[in-house]
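Notes for the structure review
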Amino acid sequence: MSDLSRVLVLGTGPVGIQMVLLLKKYLKSYVGIAGRESIRSAPFFAAMRENDQEIRVEIQNEKHGRLEGRCKIDQVFHGYAAVNGEWDTLMMAVTTDSYIEVLSQLNGQLLRQVKCIVLISPTFGSNSLLKQYMKEIGSFPEVISFSTYLGDTRWLDGAPSNQAKTTGVKKRLYAGSSHRPSGNLDKLCDLYSQLGIALEIVPAPIEAESRNISLYVHPPLFMNEFSLSVVFKEVESKKYVYKLFPEGPITPQLIRDMRAYWQEISSLLEKMGLKGLNLLKFMTDDNYPVRPESLSRRDIDNFTRLDAIHQEYLLYVRYASLLIDPYSQPDREGRYFDFSAVPLRPIFVNKDGYWDIPRMPKEDYYRIKIIQGIARTAAIRTPTMDRFIETYESKIEETAQRLKDEPLSEAFLVQSFEEDLRRIVGESVSREIRRH
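Residues numbered from 1 in each chain as written. Predicted model: local features only at pLDDT ≥ 70, side-chain atom pairs only at ≥ 80, totals over all residues. Heavy atoms only, no water.

**As for the pattern of salt bridges**
- This model, assessed by the stated rule, comprises 28 salt bridges.
- The salt bridge partner of D338 is K243, with a shortest N-O separation of 3.0 Å. Remark: K243 occurs in the loop between α9 (225–231) and α10 (252–271) and D338 occurs in the loop between α13 (308–321) and β13 (348–349); sequence separation between them is 95 residues.
- Owing to a relative accessible area of 35%, D338 belongs among the partly exposed residues under this scheme.
- Classification of K243 by relative accessible area gives buried; the value is 7%.
- Here K369 ties to E393 by a salt bridge, and the two come within 3.0 Å at their closest N and O atoms. (Salt bridge = Lys/Arg side-chain N within 4 Å of Asp/Glu carboxyl O. Helix = DSSP H or I, 4+ residues; strand = E, 2+ residues; numbered from the N terminus. Buried < 20%, exposed > 50% of the residue type's maximum accessible area, 1.4 Å probe, protein only.)

Below, the structure written as structure tokens:
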């Protein structure tokens, strides 16, 4: 019997809902879902009660029809500490910076019986982190890392409920397992094939983790003065992550930083003996395509051989071409789906009454600090990465000072994530660095 027969999805966001549907629809798994108790998750749990634990997923484009549908979730757990029963596989649909926090809330005996952990959208080093954590509690499950989530899934009406909408689907993903051969990974490969997504199995999980597009684009998009002024409520007007200035942060300078940052990560991958990537090809072929009238095949394929200013120009064209979904059906007025309208979300008061920072850029801070720590272990210089971090940390310190008389979450502290780095660098990462 497969370890995917009984799966517990951790995380009650849109990604978790989509993955539950796919597990039920294609693998016929017995599926549970668990999430933290929070202001944002409360409407989801309420919708579960009101709809007899039924979820529904819609799609933006008809060609993604295999991802839509509805089903009933077998078990719903309000809070991670409430989880009971026996589960063969845990599917992590939570932010990468909360992996250990979530696992630590599960019953220890239940956790030690788990045979497989699937990381839907990990960051660089997450597989090593979880293997080491599980080893410390006396458990040695298979840990599978995907490069990233399969697309873009949002709440249907913009607020948490039992309904989500998938607006974009990636053409290719990568995955690696701590165990080889892996029957579980083979079965997931079959699932993604049915969805029309090419899933390439790579030799090492960390190689799959290096193929996460957020790794390359989120820090430059979020860790700049424009975006952070919106996130930390210095500017009240609505702005958007993927739009050009002045509606969003994308300027020639931001693109210049994105390119330099990609080169720094490429140097780290080379030091670890991992295959680097053609950033423009990765963006268009593996993630969201643009029309050939916007970017030629020749420019995409030869991107790494072009000079810096040419690379920057092509990256700028790519973002300009995705302001709308170029493959969506225009309405009667000729307007295409506003693909870039992802708002920069401001700080908010969480369920405990503390000011908190949204997932983006809080998760990206964790992501980039982990990469910086690994890079320092490998003696790789990262001036652009360092500047992103300095900009972000200065902003959280300024905001903490501005809100000094109000309760603040730990997100407003400058952090080293030393414990996670110790687990990551102490495991396979440092071995790869030494070997190369």
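Resuming the write-up.
**Some words on the environment of V217**
- Mapping V217 onto the fold places it in helix α8 (residues 213–222).
- Residue V217 is classed as buried on the basis of its relative accessible area of 5%.
- When the C-alpha positions of V217 and P289 are compared, they lie 16 Å apart, and in sequence the two are 72 residues distant.
- Setting aside chain neighbours within four positions, we find V217 in contact with M258, M283 and Y319. (Contact = heavy atoms within 4.5 Å.)

**Side note on the sheet that holds strand β10 (residues 163–169)**
- The sheet built from four strands is open, its strands ordered β4-β3-β10-β9 with mixed pairing. The strands lining the two open edges of the sheet, one partner per strand, are β4 (69–72) and β9 (151–155). Averaged over neighbouring strand pairs, the angle between their axes works out to 25° when direction is ignored.
- Alignment of strand β3 (residues 54–59) against β4, held across four bridges, turns out to be antiparallel. Paired with V57 across the two strands is G69, which belongs to β4.
- Helix-sheet contacts for helix α1 (residues 14–26) involve β3, β4, β9 and β10, and the interaxial angle to β3 is about 100°. (Pairing = 2+ DSSP bridges. Axes fitted to C-alpha atoms, helices over the stretch in contact; angles between N-to-C directions.)

**Let's talk about the domain arrangement of the chain**
- What the domain assignment reports for the chain is domain 1 (6–210) and domain 2 (213–433).
- Each partner contributes to the interface: domain 1 provides 34 residues, whereas domain 2 provides 39 residues.
- Here domain 1 and domain 2 share an interface that buries about 3,100 Å² over both sides, 57% of which is from carbon and sulfur atoms.
- When the area that domain 1 buries against domain 2 is broken down by residue, the three leading residues are D97, F124 and S210, summing to 19%.
- On inspection of domain 1 and its partner domain 2, the count reaches three salt bridges.
- Taking the shortest distance from any N to any O, the salt bridge between D286 and R172 comes out at 3.7 Å.
- Remark: the boundary between domain 1 and domain 2 carries six residue pairs in polar contact (both at pLDDT 80 or more).
- Put simply, the parts of the chain that give the side of domain 1 that touches domain 2 at least two residues each are α5 (126–136), β9, β10, β11 (172–177) and α7 (205–209).
- Looking at which element gives the most residues to the side of domain 1 that touches domain 2, the answer is α5, with six residues.
- Residue composition of the side of domain 1 that touches domain 2, grouped by class: nine nonpolar, 13 polar and twelve charged. (Domains from an automatic or database assignment. Buried area = accessible area lost by both parts, 1.4 Å probe. Polar contact = N/O pair within 3.5 Å; in protein donor to acceptor, adjacent residues only side chain to side chain. Nonpolar A, V, L, I, M, F, W, Y, C, P; charged D, E, K, R; others polar.)

**Remarks on the packing of aromatic side chains**
- For the structure on display, the rule yields 15 aromatic pairs.
- Ring geometry for F226 against F245: centres 5.7 Å apart, planes inclined by 65°, an arrangement best described as edge-to-face. Pair noted here: F226 is in helix α9 and F245 is in the loop between α9 and α10, with a separation of 19 residues, a long-range link.
- Relative to F303, the ring of W262 lies with its centre 5.5 Å away and its plane at 45°, an arrangement referred to as tilted. Of this pair, W262 sits in helix α10 while F303 sits in the loop between α12 (297–301) and α13, and the two are 41 residues apart along the sequence. The two residues W262 and F303 agree in class, both being buried.
- Against the face of Y327 rests R291, its NZ or CZ located 4.8 Å from the ring centre. (Phe/Tyr/Trp six-rings, centres within 6.5 Å; stacked < 30°, edge-to-face > 60°. Lys NZ or Arg CZ within 6 Å of the ring centre and 35° of its normal.)

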